[in-house]
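# Topology and contacts: notes
The primary structure of each chain is shown beneath.
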Amino acid sequence: MGALPTLLLVFSIFRISIAVDTIALNQVVRDGEILTSAGGSFELGFFSPDDSNRRYLGIWYKKVSTMTVVWVANREIPLNDSSGVLKVTDQGTLAILNGSNTNILWSSNSSRSARNPTAQLLDSGNLVMKDGNDDNPENFLWQSFDYPCNTLLPGMKLGRNTVTGLDRYLSAWKSVDDPSKGNFTYRLDPSGYPQLILRKGSAVTFRSGPWNGLRFSGFPELGSNPVYTYEFVFNEKEMYFRYELVNSSVVSRLVLNPDGSKQRVNWIDRTHGWILYSSAPMDSCDSYALCGVYGSCNINRSPKCECMEGFVPKFPNDWDMADWSNGCVRSTPLGCQNGEGFVKFSGVKLPDTRNSWFNRSMDLKECAAVCLSNCSCTAYTNLDIRDGGSGCLLWFGDLIDIREFNENGQELYVRMAASELGRSGNFKGKKREWVIVGSVSSLGIILLCLLLTLYLLKKKKLRKKGTMGYNLEGGQKEDVELPLFDFATVSKATNHFSIHNKLGEGGFGLVYKGTLQEEQEIAVKRLSKNSGQGLNEFKNEVIYISKLQHRNLVRLLGGCIHDEEKMLIYEYMPNKSLDSFIFDKTRSMELDWNKRFLIINGIARGLLYLHQDSRLRIIHRDLKADNVLLDEEMTPKISDFGIARSFGGNETEANTKRVVGTYGYMSPEYAIDGLYSTKSDVFSFGVLVLEIVSGKRNRGFSHPDHSLNLLGHAWTLYMEGRSMELIDSSVGDIHNLSQVLRLINVGLLCVQCGPDERPSMSSVVLMLSSDSTLPQPKEPGFFTGRGSTSSSGNQGPFSGNGITITMFDGR
Ligand code: AMP
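Here's a quick rundown of the structure. Owing to the predicted nature of the structure, the values given are computational and were not obtained by experimental measurement.

What follows deals with the state of the cysteines. Enumeration over the complete set of coordinates arrives at six disulfides. Through a disulfide, Cys 336 is tied to Cys 375; the S-S separation comes to 1.8 Å. As the torsion about the S-S bond is roughly -75 degrees, the Cys 336-Cys 375 disulfide counts as left-handed. Residue Cys 336 is located in the loop between strand E29 (328-330) and strand E30 (341-349), and its partner Cys 375 is located in the loop between helix H2 (364-373) and strand E32 (377-381); the two are separated by 39 residues in the primary sequence. Residue classification places Cys 336 among the partly exposed residues on the basis of a relative accessible area of 25%. Assessed through its relative accessible area of 13%, Cys 375 is described here as buried. Linked covalently through their sulfurs, Cys 371 and Cys 377 form a disulfide whose S-S length is 2.0 Å. Residues Cys 371 and Cys 377 are joined by a disulfide whose S-S torsion is about -100 degrees; by sign, that bridge is left-handed. The pair formed by Cys 371 and Cys 377 is uniform in burial state, with each residue classed as buried. Disulfide connectivity for the protein, with bonded cysteines indexed by sequence position, reads 1-3, 2-4, 5-6, 7-10, 8-12, 9-11.

This is the structure:
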């Protein structure tokens, strides 16, 4: 470790030290005068970071001979001459005035009024505003430690007060001689389980990983040392990192440099200067997501990136050329099937926790069981590694930014398909273990396989596997392997397509109930002859749904082709579609709050799977109550992929000339500009949530007092603090009112007018499963009813009928 280049060389100050550390009401510190803290550690005054006329008010070390500024007040608005004055005002604030015209250039805020406001520079380097001699930090009117610049001094909190919303984070200087905010920030991110995140603009460049009780998962070297102690506090009110010096005569600080490196440096003496103690990012494996999803980085390996065992490069050619950014995909996709389990990877930096969930009281076994029971859960581990481990941390969605450490790495249990559980080997040279949760013994598995083989053999008598070749939009050909049923079997099962077996009618024709020989109940969708559009939707449905498997998507059992006839065979959903419950006075009473909550959660997970976790990554485009089917246990299953579209790796939105969807569920950007993205599905989901909570359709909603639709009505009630009035009165007792109000809040966040404002489905799933504070929703898109106009609320051609429509061709 060598001496660092001296950061701030040419500071110019004109010094007239004043032997006080405090100024009282209406007293001033003029440019050239300096306040000194009582113990002589810090000074406050005006300075220039170079030999220009730009003057800033700042705090610097008194005992460090190389002028090192740790805090700047007016970092964005320098004075252009030496007329600046710092003053305590009668509002209890500190203000920098431009002496020549007494304009306030910068001012602190104040939490309350004070009779005798005083400013004091403490020996910690904290500039505080207090009332008289009240030295209780709880009562400070304001303190510079709450507004850090590029330096974290001992005792400063890096993190958030979740009650007041105060977010203390580091932001680098623009350059060594420009204290204005540069590109880099280092901030505690509260999403999922908190971690410190270094960003350049909005792009993540490094993260510390979550706190594991001893250290941040990404700082294996953090441990007891002679220089400083540290803590991470995370409770209902606060979450922050803080350190204190073991020996207060040592000068040590954490600084975020203009080049984005975060360093701990210790002052030695005039000859040695500041000496580097530790730095992050440490090496290229610390570059955020270097190896992409499910890729793992090991700095001692060449090449550094390798797919985790059970995964293969998504784009092998790019991967071989050391472009690892697209990461890896599973060798065997997950389908939320029985027999899935977990593989233990050891010695890792835990993946990005922004999509995680945690529970402090669960043990590892319970944690595994919860993860297994949730189809979107991809990994778990202990929250705290002390004393053999405790607590539970779960990940949802893809795992990203994993690296391997030689020492102090952690264990991560990653969900795998049943067939992947038996393999051996982990990261190269490391042992891998596999973990099956529950009581499935290997004998059980063998038995299960036997039974499955027998079942499949029996099925084979009825069906033969067929391949249908269809074109995806964009001309890409997809071969779809689908079990084919013979026509005679299907015809017999449906009583020769008897009208008495009719279940309903959808996008491409009639749907019949059928019963196969083994008593298995099925639903048969029969494509109407001569239906042009229907044929497209039929192909679409085959392509998408045959490739997807999730507990919350309807399952396609097979197809049937007979002359010109085409049919699809699904598992039968005895409780039909959701609309038949929620909008029906009597049946809606069967859906109590618990059931409604579970239904909303299930739909959210199904949609998250489509958007993020499925192989094709799909936008449904026609999510509505009619397209959510319910099985005998009221588990919701998203159906009807007639107009769904898949989108590529980095693609986030697409444009269509043919807007198809359903009145009342379409987002403004899709209905008006033909722009669809996962966020248009989020909008439809939001509408659905508000419909489930209120028991009323958005489309055709009317209210005696206004002409708003359901979205506008819900938003108005929310803004007036009357959300309770939205709740469906036909549902019995509400045992958990805050949960229902939370649903309304989530629904309103999803229907916000701007697509970027709406949360992703992974955030929605998290919002539904945690009790974190939710943001306040902005105005919804399309919130006025028919007959009224409003720029964002104009419904244009929207009026009510229940079926999926094509809005217009061409634009
Ligand atoms: P769809 O073409 O998917 O919109 O289906 C039209 C209607 O048929 C639905 O609203 C349901 O009432 C019924 N239906 C469709 N699929 C099933 C199924 N798998 N089980 C039971 N009913 C179904």
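Burial analysis of strand E19 (residues 195-200) places five of its six residues in the buried class, the great majority of the element. For strand E18 (residues 178-189) and E19, the ladder comprises six bridges, and the chain directions are antiparallel. The residue bridging Tyr 186 from the neighbouring strand is Leu 198, located in E19. Connecting the antiparallel pair E18 and E19 is a turn made up of five residues, with Gly 192 showing a positive phi of about 60 degrees. By the bridge criterion, five bridges tie E19 to strand E20 (residues 203-210) in an arrangement that is antiparallel. Each residue of the ladder has a partner; that of Lys 200, found in E20, is Ala 203. Connecting E19 to the antiparallel partner E20 that follows it, the hairpin turn spans two residues, and Gly 201 within it adopts a positive phi of roughly 60 degrees.

Taken together, the four strands give an open sheet; going across it, the order is E3-E8-E9-E10, and neighbouring strands pair in antiparallel fashion. Taken across any chain shown, the strands that pair with only one partner, and hence form the sheet edges, are strand E3 (28-30) and strand E10 (103-107). Across the sheet, the mean angle separating the axes of adjacent strands is 25 degrees when strand polarity is ignored. Bridge analysis of E3 against strand E8 (residues 84-88) gives three bridges, and the strand direction is antiparallel. Across the sheet, residue Val 29 finds its bridge partner in E8, namely Leu 86.

Another point: the sheet that holds strand E12 (residues 127-131). Taken in spatial order, the four strands of this open sheet run E2-E11-E12-E13, and their pairing is antiparallel. Looking along the sheet, the strands with just one partner apiece sit at the ends: strand E2 (22-24) and strand E13 (142-143). Here strand E11 (residues 117-121) pairs with E12 via five bridges, running antiparallel. Residue Pro 117 lies in a different strand from E12, and its bridge partner there is Asp 131.

The next thing to look at is the pattern of salt bridges. By the definition in use, this model includes 29 salt bridges. Between Asp 384 and Arg 386 there is a salt bridge, with its nearest N and O atoms 2.7 Å apart. For Asp 384, a relative accessible area of 16% corresponds to the buried category. The class for Arg 386 is partly exposed, based on a relative accessible area of 41%.

Attention now goes to the nonpolar core. One finds Trp 71, Leu 94, Tyr 186 and Val 414 to be the most contacted residues of the largest nonpolar core, which totals 100 residues. Counting residues per element, this core draws most heavily on strand E6 (residues 56-61), which supplies five residues. Two domains each donate at least three residues to this core, and these are domain 1 (1-147) and domain 2 (286-445). When near neighbours in sequence (up to four residues on either side) are disregarded, Val 414 contacts Met 308, Phe 311, Gly 341, Phe 342, Val 343, Phe 345, Thr 378, Ala 379 and Leu 399.

With respect to the element layout, Arg 742 can be found in helix H11 (residues 737-750). Polar contacts involving the side chain of Arg 742 include one to the main-chain carbonyl oxygen of Ser 772, which spans 2.9 Å.

The sheet contact formed by strand E21 (residues 228-234) and strand E22 (residues 238-245) spans seven bridges and is antiparallel. In the strand pairing of E22, Phe 232 is matched with Phe 241. What sits between the antiparallel neighbours E21 and E22 is a turn of three residues.

Criteria and thresholds
- Residues numbered from 1 in each chain as written.
- Predicted model: local features only at pLDDT ≥ 70, side-chain atom pairs only at ≥ 80, totals over all residues.
- Heavy atoms only, no water.
- Disulfide = S-S within 2.5 Å.
- Helix = DSSP H or I, 4+ residues; strand = E, 2+ residues; numbered from the N terminus.
- Buried < 20%, exposed > 50% of the residue type's maximum accessible area, 1.4 Å probe, protein only.
- Pairing = 2+ DSSP bridges.
- Axes fitted to C-alpha atoms, helices over the stretch in contact; angles between N-to-C directions.
- Salt bridge = Lys/Arg side-chain N within 4 Å of Asp/Glu carboxyl O.
- Core = buried A, V, L, I, M, F, W, Y, C linked by side-chain atoms within 4.5 Å.
- Domains from an automatic or database assignment.
- Contact = heavy atoms within 4.5 Å.
- Polar contact = N/O pair within 3.5 Å; in protein donor to acceptor, adjacent residues only side chain to side chain.

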